[in-house]
Amino acid sequence: MNYEPDEQGYFGEYGGRFVPETLVAPLDELTAAYYGVRDDGAFQAEFHDLLKNYVGRPSPLYYAKRLSETLGGAKIYLKREDLNHTGAHKINNCIGQILLARKMGKKRIIAETGAGQHGVATATVCALFGLECVVYMGTEDMRRQEVNVFRMRLLGAEVRGVDSGSRTLKDAINEALRDWVTNVETTYYLLGSALGPHPYPLMVRDFQSVIGREAREQILEHEDRLPDVLVACVGGGSNSIGLFHPFLNDDVRMIGVEAGGRSNSIGEHAARFMDGGNVGVLQGTKSYLLQDNDGQIAMTHSVSAGLDYASIGPEHAFLHDTGRIEYVSANDDEALAAFETLSETEGIIPALESSHAIAHAMKIAPTLSRDHFMIVNLSGRGDKDINTVREELGN
């Protein structure tokens with residue numbers, strides 16, 4: 001099956017561009033620039049050199065022996081994106097996009113961030129290449145992720161707090177888009193997830209697909225066959241599509257785990273395929289999103305600052321409708337329990353985002369036989385979440 005978008009950036013009926021007239025020309029310029037480097041040997045060589053020598057790739061594929069034995073059933077492998085420079089998968093995409101921005105002659109970089117990992121990765125690559133950096137972040141996320149705010153500032157970025165709406169990722173994206181409209185000549189918008197207007201979902205997926213390509217080679221070395229199951233958390237969807245994409249044409253079960261929050265009630269979770277989720281347009285793309293009965297964008301909640309986004313990347317919407325990928329949810333309590341369990345059994349402290357994927361792996365591993373094995377994308381490390389977890393467990 002073909003999993004590429006059409007010329008207008010649609011995956012089936014999802015995707016496209018829904019933007020102000022002022023952004024049409026910049027997006028055309030960006031699309032042409034990206035397609036120009038997608039198969040360019042020199043660009044790809046520089047990209048992969050930085051992934052190897054700056055980011056530290058390939059990230060290991062680690063057999064979580066104690067976790068697997070504790071649960072019984074299937075063997076669990078962890079794709080260790082938490083060991084990348086800056087502590088998450090976000091740096092993969094930032095390296096690719098900063099090289100593209102330089103090629104386009106842009107001197108000023110803007111970005112949005114939720115949990116702060118994309119902001120840190122953007123600030124990092126801007127420091128590496130000496131470019132001006134502005135990061136938009138909701139003030140609620142700044143409160144939850146104050147260590148990452150300090151890291152961004154330490155790296156030379158200006159962090160602009162956004163105090164509108166829910167004061168989280170959705171609102172940060174709104175402000176970043178307003179900035180881009182105003183400063184299109186000099187500014188490159190380095191979007192952090194596989195969403196937004198075309199070509200961003202395609203670009204981010206391509207840059208993050210290094211995760212799945214490495215995992216494929218590594219599991220064949222470990223087990224001499226492909227895995228039975230892949231599991232990854234899904235906010236906007238970049239770490240998951242990065243793992244899943246290289247396996248889409250294989251006989252491998254794939255499961256994306258959304259944020260189930262506190263309950264199934266609208267406003268209490270961030271699971272776009274659960275109650276309250278239906279098709280609409282948000283921030284430049286057509287996809288599933290959480291809306292109230294009046295069609296207004298619903299409030300969201302997750303214990304994880306990086307998963308509480310009201311919409312999901314358009315390729316995920318397409319893969320959901322075709323049935324190629326299963327989408328489930330893990331609630332706050334399950335994610336916190338998984339956070340503790342992985343820490344105690346493997347000495348690995350996961351990000352709360354990744355803990356949602358671990359939670360579902362813990363649920364299904366005991367139901368599978370011992371000759372089955374799965375790969376869970378450990379998309380980031382949990383240093384940034386220590387204060388949140390301490391507060392939650394204290395409560």
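So, here is what we can say about the structure in this document.

### Some remarks on the sheet that holds strand β3 (residues 61–63)
Next, step 1: Here we have six strands laid out as an open sheet, ordered β3-β4-β14-β9-β10-β13, and mixed in their pairing. Edge strands, defined here as strands with exactly one partner in the open sheet, are β3 and β13 (326–331). Strand-to-strand twist across the sheet, computed as the mean angle between neighbouring axes with direction ignored, equals 30°.
Next, step 2: Sheet analysis places strand β9 (residues 229–233) next to strand β10 (residues 253–261), joined by five bridges and oriented parallel. Looking across to β10, one finds that V231 is bridged to I255.
Next, step 3: Where helix α10 (residues 210–223) meets the sheet, it contacts β3, β4 (75–80) and β14 (373–378), and its direction lies at approximately 140° from that of β4.
Next, step 4: Relative to β14, helix α14 (residues 352–364) is tilted by about 165°, and along the sheet it contacts β4, β9, β10, β13 and β14.

### Re empty space enclosed by the protein
Next, step 1: This model, assessed by the stated rule, comprises four cavities of 30 Å³ or more.
Next, step 2: Roughly 350 Å³ of internal volume is contained in the largest cavity.
Next, step 3: Considering the residues around the largest cavity, the lining is formed by 29 residues, among which H89, K90, A115, G306 and E353 are closest to the centre.
Next, step 4: Contributions of two or more residues to the lining of the largest cavity are made by β5 (108–113), α5 (117–129), α8 (169–182) and α11 (238–244).
Next, step 5: Each residue belonging to the lining of the largest cavity can be placed in one class, and the counts come to nine nonpolar, 16 polar and four charged.

### Describing the sheet that holds strand β6 (residues 132–138)
Next, step 1: Read across the open sheet, the four strands follow the order β7-β6-β5-β8; overall the sheet is parallel. Each having just a single partner strand, β7 (158–162) and β8 (187–189) make up the two edges of the open sheet. Averaged over all adjacent pairs, the angle separating strand axes in this sheet is 25°, with direction ignored.
Next, step 2: Looking at chain direction, β5 and β6 are connected through six bridges and run parallel. From the neighbouring strand, T113 faces β6, where its bridge partner is M137.
Next, step 3: Against the sheet, α5 contacts β5 and β6, and its axis sits at roughly 165° relative to β5.

Rules and cut-offs
- Residues numbered from 1 in each chain as written.
- Predicted model: local features only at pLDDT ≥ 70, side-chain atom pairs only at ≥ 80, totals over all residues.
- Heavy atoms only, no water.
- Pairing = 2+ DSSP bridges.
- Helix = DSSP H or I, 4+ residues; strand = E, 2+ residues; numbered from the N terminus.
- Axes fitted to C-alpha atoms, helices over the stretch in contact; angles between N-to-C directions.
- Contact = heavy atoms within 4.5 Å.
- 1 Å grid on protein atoms, 1.4 Å probe; cavity = no way out; pocket = protein on both sides within 12 Å on 5 of 7 lines; lining within 4 Å.
- Points joined across faces, edges and corners; volume = space filled by probe spheres on them.
- Nonpolar A, V, L, I, M, F, W, Y, C, P; charged D, E, K, R; others polar.

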